[in-house]
Amino acid sequence: MRKQYRSHLVDEESLAEEPMGQFARWFRDAAEANVFEPNAMVVATATPEGRPSSRTVLLKQFDAHGFVFYTNYDSRKGRELAANPFVSLLFPWHPIARQVIVTGTASRVGRDETAAYFRSRPHGSKLGAWASDQSTVIASRAELDRRYAELEARYPEGEQVPVPPQWGGIRVVPDAVEFWQGHENRLHDRLRYVLEDGKWHVERLCP
């Protein structure tokens, strides 16, 4: 199971001055190449003792301030980030032989921002946020469906669903962002933005 990557070389002069601008370019490329869910990213967290865990979530916003996703704060990732805010994100855009790897620090977004996003979600997703005590043990699928049905009866389509107090946004502020482009003979381009003294600089890594 081996594939040769054939891509254009990436040189430092072609990059944006800061990583979020470069991410916007590559994210657009992934979307235009019809990569399935280009906003899907692997979020890696760890306990204070260093025991890691990872899962795939959907990026919902990115701008000069970082990357935002939403979750139940009582979930495993929510609890781990509350105890240890250091986090890594990975965007695996395999069809175009690209990856973006982010390391940074996570914090909760404001409740107004969470409420604005929650209101934009489909009705069923709002109910699902209430029905699921994310990462906790549940007796059966039937129990989950029962919870959802009760919520559906309480909040029928068209009725406003309140924001769960334990649910909200996480913003990851990057301190390093690596852009990985696959090439033949495993001589990949790895260009990493690193924040030092408030300024970004780019360094090339061996593949």
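The structure under discussion appears in the preceding block.
An account of the accompanying structure is given in this report. Fair warning: this is a prediction, and the values are worked out from it, not measured in the lab.

Quick notes on the rules
- Residues numbered from 1 in each chain as written.
- Predicted model: local features only at pLDDT ≥ 70, side-chain atom pairs only at ≥ 80, totals over all residues.
- Heavy atoms only, no water.
- Phe/Tyr/Trp six-rings, centres within 6.5 Å; stacked < 30°, edge-to-face > 60°.
- Helix = DSSP H or I, 4+ residues; strand = E, 2+ residues; numbered from the N terminus.
- Buried < 20%, exposed > 50% of the residue type's maximum accessible area, 1.4 Å probe, protein only.
- Lys NZ or Arg CZ within 6 Å of the ring centre and 35° of its normal.
- Axes fitted to C-alpha atoms, helices over the stretch in contact; angles between N-to-C directions.
- Parallel < 35°, antiparallel > 145°, perpendicular 65-115°, else oblique.
- Left-handed = near helix turned anticlockwise from the far one by under 90°.
- Contact = heavy atoms within 4.5 Å.

What follows concerns the packing of aromatic side chains. Within the structure shown, the criterion is met by 15 aromatic pairs. Ring geometry for F67 and F91: centres 6.0 Å apart, planes at 40°, overall tilted. A residue pair is termed long-range when its members are at least 10 positions apart, and F67 in strand β4 (residues 66-72) and F91 in strand β5 (residues 86-93) qualify at 24 residues. Accessibility expressed as a relative area gives 0% for F67, which makes it buried. By relative accessible area, F91 is classed as buried at 0%. Ring centres of Y70 and W167 lie 5.4 Å apart, and the angle between their planes is 20°; on these two criteria the pair is classed as stacked. Here Y70 is found in strand β4, whereas its partner W167 is found in strand β7 (residues 167-181), with 97 residues between them in sequence. The same class applies to Y70 as to W167, namely buried. Through pairs of rings, three or more aromatic residues link up here, namely F23, F27, F62, F67, F91 and W93. In this structure, R98 is placed above the aromatic ring of W26, and the distance from its NZ or CZ to the ring centre is 4.0 Å. Between the NZ or CZ atom of R108 and the centre of the ring of Y73, over which it lies, the distance is 3.8 Å.

All right, on to the environment of W26 then. By secondary structure assignment, the location of W26 is in helix α1 (residues 19-32). Its relative accessible area of 4% is what places W26 among the buried residues. C-alpha of W26 to C-alpha of Q99: the two residues are 73 residues apart in sequence and 9.4 Å apart in space.

Let us look at the packing of helix α4 (residues 123-131) against helix α5 (residues 141-154). Close contact between α4 and α5 brings their axes to 9 Å; oriented N to C, the two are set at 125°. In terms of their interaxial angle, α4 and α5 are classed as oblique. In the packing of α4 onto α5, the handedness of the crossing is right-handed. Packed against α4, whose contacting residues are G124, L127, G128, W130 and A131, the element α5 presents L144, R147, Y148, L151 and E152 at the interface.

Our focus in this paragraph is the side chain of S53. With respect to the helices and strands, the residue S53 is situated in strand β2 (residues 52-58). Judged by its relative accessible area of 10%, S53 is buried. Setting aside chain neighbours within four positions, we find S53 in contact with V43, A44, T45, R76 and E80.

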